Amino acid sequence: MLCQECGKKQATLHFTKILNGEKTEFHICESCAREKGELIPGTPNGFSIHNLLSGLLDFDPSHGTLTPKSQPGRCEQCGLTYSQFSKVGRFGCSSCYKHFEDKLDPLFKRVHGNTFHTGKVPKRSGGLIQHKREIETLKKELLLRIQGEEFEEAAKLRDEIRQLEKKVAEG
């Protein structure tokens, strides 16, 4: 495959970008990548995973573009700025998660596809999470029963949901 930039050399770097469900592929040669700043001297093959992740941290979902690295505010506890976080790749303290919460949700959604955990839950310590998942499943089933005009079954599901919600509220 030829480079999409110069159209002369063989493409050796292949990037796939998925933005809002749209997949875009880039195929470029090493020299065009160097010219565009995609390759970093001194690293194996000129590639830096850190810069790739830093690029994720600087993405502004409201505009669909990268934002300048200067982000307002500092963590009250440790003084870390979002700019410093995007360079280092980790927070300075546990308060940073709360302070930069509005920036993290879009980041998690982009990286993981969701803002809450949907994987396996340990049986011993995951009772509350399992109850919440079961409630969500029952609510979906309840809606289907109502749409199908199966009101007796819907009433049973409603009661079951209320019992589970009571358990969750109690802890």
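Residues numbered from 1 in each chain as written. Predicted model: local features only at pLDDT ≥ 70, side-chain atom pairs only at ≥ 80, totals over all residues. Heavy atoms only, no water.

The protein chain has the name UVR domain-containing protein in an unreviewed UniProt entry, where Paenibacillus foliorum is given as its organism.

### Some details on the packing of helix α6 (residues 127-147) against helix α7 (residues 151-170)
Put simply, the rule reads: Here, axes are lines fitted to C-alpha atoms. For helices the fit covers the stretch in contact, and angles between N-to-C directions go from 0 to 180 degrees. Numbering goes from the N terminus for both helices and strands, where a helix is a DSSP run of H or I of at least four residues and a strand is a run of E of at least two. Throughout, the term roughly parallel applies to angles under 35 degrees, roughly antiparallel to angles over 145, roughly perpendicular to angles from 65 to 115, and oblique to all others. Handedness of a crossing follows from how the near helix is turned relative to the far one, being left-handed for an anticlockwise turn of less than a right angle and right-handed for a clockwise one. Residue contacts are defined here by distance: any two heavy atoms, one from each residue, within 4.5 Å place the two residues in contact. Throughout this entry, Asp, Glu, Lys and Arg are counted as charged residues, while Ala, Val, Leu, Ile, Met, Phe, Trp, Tyr, Cys and Pro are counted as nonpolar. The remaining residues, Gly among them, count as polar.
Between α6 and α7, the shortest axis-to-axis distance is 9 Å and the interhelical angle comes to 160°. As far as their axial angle goes, α7 and α6 are roughly antiparallel. The interaxial crossing formed by α6 with α7 has left-handed handedness. Facing Leu128, His131, Lys132, Glu134, Ile135, Leu138, Lys139, Glu141, Leu142, Arg145 and Ile146 of α6, the residues of α7 in contact are Phe151, Glu153, Ala154, Leu157, Arg158, Glu160, Ile161, Leu164, Glu165, Lys167 and Val168. Classifying every residue of the contact of α6 with α7 by side-chain character gives 11 nonpolar, 1 polar and 10 charged.

### Comments concerning the environment of alanine 11
Defined as follows: Classification of residues uses two cut-offs on accessible area relative to the type maximum, computed with a 1.4 Å probe and protein chains only: under 20% is buried, over 50% is exposed, and between them is partly exposed.
Topologically, alanine 11 is positioned in the segment before β1 (13-19). Owing to a relative accessible area of 7%, alanine 11 belongs among the buried residues under this scheme. Separated by 10 residues in the primary sequence, alanine 11 and methionine 1 place their C-alpha atoms 5.8 Å from one another. When neighbours within four sequence positions are excluded, alanine 11 is seen to be in contact with Met1, Leu2, Cys3, His27, Ile28 and Cys29.

### A short note on the environment of lysine 17
By the element assignment, lysine 17 lies in strand β1. The exposure class assigned to lysine 17 is partly exposed, which follows from its relative accessible area of 43%. When near neighbours in sequence (up to four residues on either side) are disregarded, lysine 17 contacts Glu22, Lys23, Thr24 and Phe26.

### Quick look at the side chain of histidine 27
Going by this rule: Polar contact criterion, stated in full: a pair of N or O atoms within 3.5 Å, where within protein one must be able to donate a hydrogen and the other to accept it, and residues adjacent in sequence count only if both atoms are side-chain atoms.
Inspection of the secondary structure puts histidine 27 in strand β2 (residues 22-28). On the basis of relative accessible area, histidine 27 is assigned to the buried category, the value being 11%. Among the polar contacts made by the side chain of histidine 27, one reaches the side chain of glutamate 25 at a distance of 3.4 Å. Excluding residues that lie within four positions of it along the chain, histidine 27 makes contacts with Met1, Leu2, Cys3, Gln4, Ala11, Leu13 and His14.

### Focus on the pairing of β2
The cut-off we apply is this: Should DSSP find at least two bridges between two strands, the strands are regarded as paired.
Of the pairings in the sheet, the one linking β1 to β2 comprises 7 bridges and is antiparallel in character. Residue pairing for β2: leucine 13 is matched across the bridge by isoleucine 28.

### Topic: the environment of phenylalanine 91
Considering the arrangement of structural elements, one finds phenylalanine 91 in the loop between α3 (82-88) and α4 (95-99). The exposure class assigned to phenylalanine 91 is buried, which follows from its relative accessible area of 14%. Separated by 11 residues in the primary sequence, phenylalanine 91 and leucine 80 place their C-alpha atoms 7.5 Å from one another.

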